[in-house]
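An overview of the molecular structure
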Amino acid sequence: MSGRPTVAWLGLGRMGTVMVERLLDAGFEVGVWNRTPERAEPLLAKGATRIATLADALDHDLLYSMVLDDGALGRLHDPDDGLFSGAGGRATTWIDGSTVSVAAAGRAARAAAAAGLGYVSAPVSGNPGVVAAGRAIFAVSGPEQDVARAAPVLDALGRATHVVGAGAEANVVKLATNGLLAVVMQSLAELVVLGEKAGVPRDRLLAFINDSAVGSPFSTYKTAALVGLDFTPTFTTEGQRKDVRLALDLAAGLETPMPVLSTTEVAFSRTIASGLGAGKDLAAVLLTAARDAGLALEA
Ligand SMILES: NC(=O)c1ccc[n+]([C@@H]2O[C@H](COP(=O)([O-])OP(=O)(O)OC[C@H]3O[C@@H](n4cnc5c(N)ncnc54)[C@H](OP(=O)(O)O)[C@@H]3O)[C@@H](O)[C@H]2O)c1
């Protein structure tokens, strides 16, 4: 590989689409594949090329996947019609940015190794807006030479990479981070409901929290949803629960009690099962907290 690597991008959801836009803006040559091919159209108009089959993706220097979950990642390396079902190509390294389990990353890494490719776990912290602004960060793990090959692309995509190991450690880091994010979201929801029942409007309470030591970039950018009740998803309640469950599965396998995260899983499940927050942004756990407290919310 010489010069800037060519990239085969697999998965054009909310995250994948903005990530490809960043690479195109930075001058990378990007081929794109998505299970639902129509979602590629806007990127084709911006200069990406279409990859017809997963096996064709190997005609690029790097593979980069950004798909929903363990099942979707497994689909990519399906033995019958997945990435490694064809004659191969010049690809050296598969980078995966999806939030998946350690076990799924291991299966993908083994499939890549059998085809002679290295595998890098590179889950991302940052929603689509954060990615678009160039402020995403990556937890990265994999063999040193493959991490080095991934570096030019990761540098173009975000503001920092944190190399945390040579295997699937990055997946662990991401699950821990998203576990914390879910707990913070649920706590914010409960506490703004408490505040409002006690007579403090949500915007005032959140303005103070955001200015305090426990405020964060996350609490600040979720304030608009919590105050304005606009739950257009940056990340859905279902997606967030998926990550919480992956962290709880990891914990169960390692005999590590997670009392707070377990309760948070229930809160997300109630929000999804009741229909209050299904398909909505993860901040919609507010709706369940308010209903449980008998509080009518107004934007
Ligand atoms: N959104 C965020 O704020 C955020 C932040 C950090 C990390 N993440 C992680 O990034 C990943 C992508 O998130 P997203 O928000 O972009 O999700 P999304 O908008 O729901 O997109 C999911 C992508 O996965 C594909 N997919 C789903 N099931 C598949 C299957 N069985 N086979 C092949 N492809 C499949 C979808 O294809 P179709 O178009 O055909 O449905 C789509 O391209 C997830 O692991 C998520 O946890 C998200």
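Analysis parameters
- Residues numbered from 1 in each chain as written.
- Predicted model: local features only at pLDDT ≥ 70, side-chain atom pairs only at ≥ 80, totals over all residues.
- Heavy atoms only, no water.
- Domains from an automatic or database assignment.
- Contact = heavy atoms within 4.5 Å.
- Salt bridge = Lys/Arg side-chain N within 4 Å of Asp/Glu carboxyl O.
- Helix = DSSP H or I, 4+ residues; strand = E, 2+ residues; numbered from the N terminus.
- Nonpolar A, V, L, I, M, F, W, Y, C, P; charged D, E, K, R; others polar.
- Near = heavy atom within 4 Å.
- Polar contact = N/O pair within 3.5 Å; in protein donor to acceptor, adjacent residues only side chain to side chain.
- Areas by Shrake-Rupley, 256 points an atom, 1.4 Å probe, with all protein chains shown as cover.

Partitioning the chain into structural domains gives domain 1 (7–166) and domain 2 (172–292). Between domain 1 and domain 2, the C-alpha centre-to-centre distance is 28 Å. Counting from both sides, the interface comprises 16 residues of domain 1 and, opposite them, 12 residues of domain 2. If you look at where domain 1 meets domain 2, you find zero salt bridges. Listed by contribution, the elements that provide at least two residues to the side of domain 1 that touches domain 2 are strand S7 (124–125) and helix H5 (128–132). Residues belonging to the side of domain 1 that touches domain 2 are distributed by class as follows: nine nonpolar, four polar and three charged.

Attention shifts here to the site of the ligand. Every one of the 25 residues lining the ligand counts as a neighbour, but Asn34, Thr36, Arg39, Leu68 and Lys242 are closest to it. Here an oxygen atom of the ligand and a backbone polar atom of Arg14 are 2.8 Å apart. About the coverage of the ligand: the protein hides 90% of its 900 Å² of free accessible area. Elements supplying a minimum of two residues to the shell around the ligand: helix H1 (14–25), helix H3 (70–76) and helix H10 (237–253). Within the shell around the ligand, the residues separate by chemical class into nine nonpolar, nine polar and seven charged. Here the shell around the ligand gathers at least three residues from each of two domains, domain 1 (7–166) and domain 2 (172–292).

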